[in-house]
Amino acid sequence: VRGSPVLIIGAFGGRDFYHCKRFGMTVTAVDLDYLPEFENVVANVEVGLPYGDSQFKCVILREVLEHLWNDTRALSEVRRVLTDDGVLIVSVPFYDDEDDFHVRIHSPESLRKLAGACGFEPTLVVDRPGIITVPNWLNSALKLMAIISYAAFRLDGYWFVPVLCAIENRLGEVRWLRPIRKLQRKFGCTAVLQKSKAIDNTKVQTETFCRVTSV
């Protein structure tokens, strides 16, 4: 919705940043270092976000969770800054440990359990076929093009991304293609999550494994 406050965690060359700007959203970007092209805030979601409670209608966390050591802490912070009726958009690869910076290997079940334990429930989950692999040199060129086109003309340099995503989402809905999609390493999902009742994991584990039984 135009004017809605959106928080993007991990600028990734502006892919989501410019797309949200194009539709008139109020975009805030967070990254680990200052990137002048995005005027982002320097922050680490695993440590804490410099925002008040219930400040954003949407948080975008795409291709980030698999890089986080303390993913539960990160999702707790996301939940805190998200409005009660807001949405969290997450995407992750599945079964992918080829990237040296991946510290988590997710499966559909692990993502579901992680989200549930951190107080989220899915409203939409779509397989991401991963039919498109962009080499690093091309991604750098696309980033430069996006920065120039937005600075000069206020145009979204990543205009083609929604088109490609729409194609992948449509393929992702075809269930009989799933075994084929799983054969390549870019298989994953995009999920839209909303707040649910958070689980006190310490309490659950204590009651389950430390209960004293009288005899």
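Calculation rules
Residues numbered from 1 in each chain as written. Predicted model: local features only at pLDDT ≥ 70, side-chain atom pairs only at ≥ 80, totals over all residues. Heavy atoms only, no water. Helix = DSSP H or I, 4+ residues; strand = E, 2+ residues; numbered from the N terminus. Polar contact = N/O pair within 3.5 Å; in protein donor to acceptor, adjacent residues only side chain to side chain. Phe/Tyr/Trp six-rings, centres within 6.5 Å; stacked < 30°, edge-to-face > 60°. Buried < 20%, exposed > 50% of the residue type's maximum accessible area, 1.4 Å probe, protein only. Pairing = 2+ DSSP bridges. Right-handed = clockwise from strand over helix to strand, strands pointing away. Contact = heavy atoms within 4.5 Å. Axes fitted to C-alpha atoms, helices over the stretch in contact; angles between N-to-C directions. Disulfide = S-S within 2.5 Å.

**Student:** Quick one: what's the story with the side chain of Ser91, residue by residue and with numbers?
**Tutor:** Along the polypeptide, Ser91 turns up in strand S5 (residues 82-93). Looking at Ser91, its side chain comes within polar contact range of the side chain of Glu63, at 2.6 Å.

**Student:** Describe in detail the packing of aromatic side chains, supporting the description with residues and values.
**Tutor:** As enumerated under the stated definition, the model contains two aromatic pairs in all. Taken together, a centroid distance of 5.1 Å and an interplanar angle of 90° make the contact between Tyr51 and Phe56 edge-to-face. The same class applies to Tyr51 as to Phe56, namely buried. Taking 6.1 Å as the distance between ring centres and 55° as the angle between the ring planes, the aromatic pair formed by Phe94 and Tyr95 counts as tilted. Relative accessible area serves as the criterion here: at 47%, Tyr95 is assigned to the partly exposed category.

**Student:** For the pairing of strand S2 (residues 26-31), give the residues involved together with the corresponding values.
**Tutor:** Pairing geometry for strand S1 (residues 5-9) and S2, over five bridges, is parallel. In the sheet register, Val6 faces S2, and the bridge partner there is Val27. Taken together, S1, helix H1 (residues 15-22) and S2 constitute a β-α-β crossover, and its handedness is right-handed. Pairing of S2 with strand S3 (residues 41-42) involves two bridges; the strand directions are parallel.

**Student:** Requested: an account of the sheet that holds strand S4 (residues 56-62), with residues and values cited.
**Tutor:** Taken in spatial order, the seven strands line up as S3-S2-S1-S4-S5-S7-S6 in an open sheet, and their pairing is mixed. Each edge of the open sheet carries a strand with a single partner, namely S3 and strand S6 (120-128). Contacts from helix H2 (residues 71-81) reach S1, S4, S5, S6 and strand S7 (188-195), with the element oriented near 145° to S5.

**Student:** Can you lay out the state of the cysteines for me, pointing to particular residues and giving the numbers?
**Tutor:** Inspection of every chain in the model, using the stated rule, returns zero disulfides. Here Cys20 is not cross-linked by a disulfide; its sulfur's nearest cysteine counterpart is in Cys58, at 6.5 Å. With a relative accessible area of 5%, Cys20 lands in the buried category.

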